[in-house]
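# Overview (structure and organization)
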Amino acid sequence: MSRAPCYGAPKSSIKQFQVTFDCAEPERVARFWCEVLGYVVPPPPEGFATWDDFNRSLPPERQGSAFACGDPSGVGPRLYFQRVPEGKIVKTRVHLDVRVGTGLVGEERLATLEAECTRLVALGAVRVRLLLADDHNESCIVMQDIEGNEFCLD
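Everything in this summary refers to the structure shown in the same document.

Going through the model one piece at a time under the given rule, you end up with seven aromatic pairs. Seen from their ring centres, Phe 21 and Trp 33 are 5.7 Å apart, and the 40° between their planes marks the pair as tilted. In this pair, Phe 21 is assigned in strand β1 (residues 18–23) and Trp 33 in helix α1 (residues 26–37), connecting sequence segments 12 residues apart. The burial state of Phe 21 is the same as that of Trp 33; both residues are buried. Between Trp 51 and Phe 67 the ring centres are 5.9 Å apart and the planes differ by 55°, which places this aromatic pair in the tilted class. Within this pair, whereas Trp 51 is found in helix α2 (residues 51–56), its partner Phe 67 is found in strand β2 (residues 66–69), the two being separated by 16 residues in sequence.

Here's what the structure looks like:
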């Protein structure tokens, strides 16, 4: 007999999570998101002066296969990027909302979203569409990162 999940059950002790991206070029995509979010690349593993040194120590098939970055304050989730052989085919079912307009409304919000959109397009992002405010939601801009993964400026 299966039981429905109990969402009121005691909470797990897990307090952190990471967001994993499937991509073709992990380091390139990671560095893009570092620029978007102000994240940083962690230091290389002990015994290696650089990530390039570490990467060269791996078997050829694993070189360049993964990269990560994190919030320098330690508050936000770690982002992990892993190389996969297949390209992006359909709409992503999970995406990031980059919260640049929190608390802003109307023209002030739109101006803030547009300014950030301009900055991100210069980094290689693609503007998909502007969703204007309605009775339930404030305006946001749907975008894609440098490999076509959807995200929103919110």
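We now examine the pairing of strand β7 (residues 150–153). The alternating pattern of β7 places Glu 150 and Cys 152 on one face and Phe 151 and Leu 153 on the opposite face, and all of these are buried. Taken together, the three bridges between strand β4 (residues 96–98) and β7 define a ladder with parallel strand orientation. In the strand pairing of β7, Asp 97 is matched with Cys 152. Sheet topology note: the strand β6 (residues 140–144)/β7 ladder contains four bridges and is antiparallel. By the bridge assignment for β7, Met 143 is matched with Phe 151. Hairpin geometry of β6 and β7 is characterised by an intervening segment of five residues between the two adjacent antiparallel strands and by a positive phi of about 90° at Gly 148.

Read from one edge to the other, the open sheet built from three strands follows the order β1-β3-β2, with strand pairing classed as mixed. The open sheet has two free edges, formed respectively by β1 and β2, since each of these has just one partner strand. Taking each pair of neighbouring strands and ignoring which way they run, the sheet shows an average axis angle of 20°. Bridge count for β2 against strand β3 (residues 78–83) is four bridges, and the pairing is antiparallel.

Cut-off values and rules
- By convention here, each chain's residues receive numbers from 1 onward along its written sequence.
- Where totals are concerned, whole chains, interfaces and linings use all residues; where local detail is concerned, this predicted model gives features only for residues with pLDDT of at least 70, and gives and counts side-chain atom pairs only at 80 or more.
- Only hydrogens and water are removed before side-chain values are computed, so all heavy atoms of the structure are retained for them.
- Between 30 and 60 degrees the pair is tilted, below 30 it is stacked and above 60 it is edge-to-face, where a pair is any two Phe, Tyr or Trp rings, Trp via its six-membered ring, whose centres lie within 6.5 Å.
- What counts as a helix is a DSSP run of H or I of at least four residues, what counts as a strand is a run of E of at least two, and both are numbered from the N terminus.
- When accessible area is computed with a 1.4 Å probe and restricted to protein chains, residues below 20% of their type maximum are described as buried, those above 50% as exposed, and intermediate ones as partly exposed.
- Pairs of strands are assigned from DSSP output, requiring at least two bridges between the strands.
- Angles here are taken between N-to-C directions and fall from 0 to 180 degrees, while the axes themselves are lines fitted to C-alpha atoms, restricted in helices to the stretch in contact.

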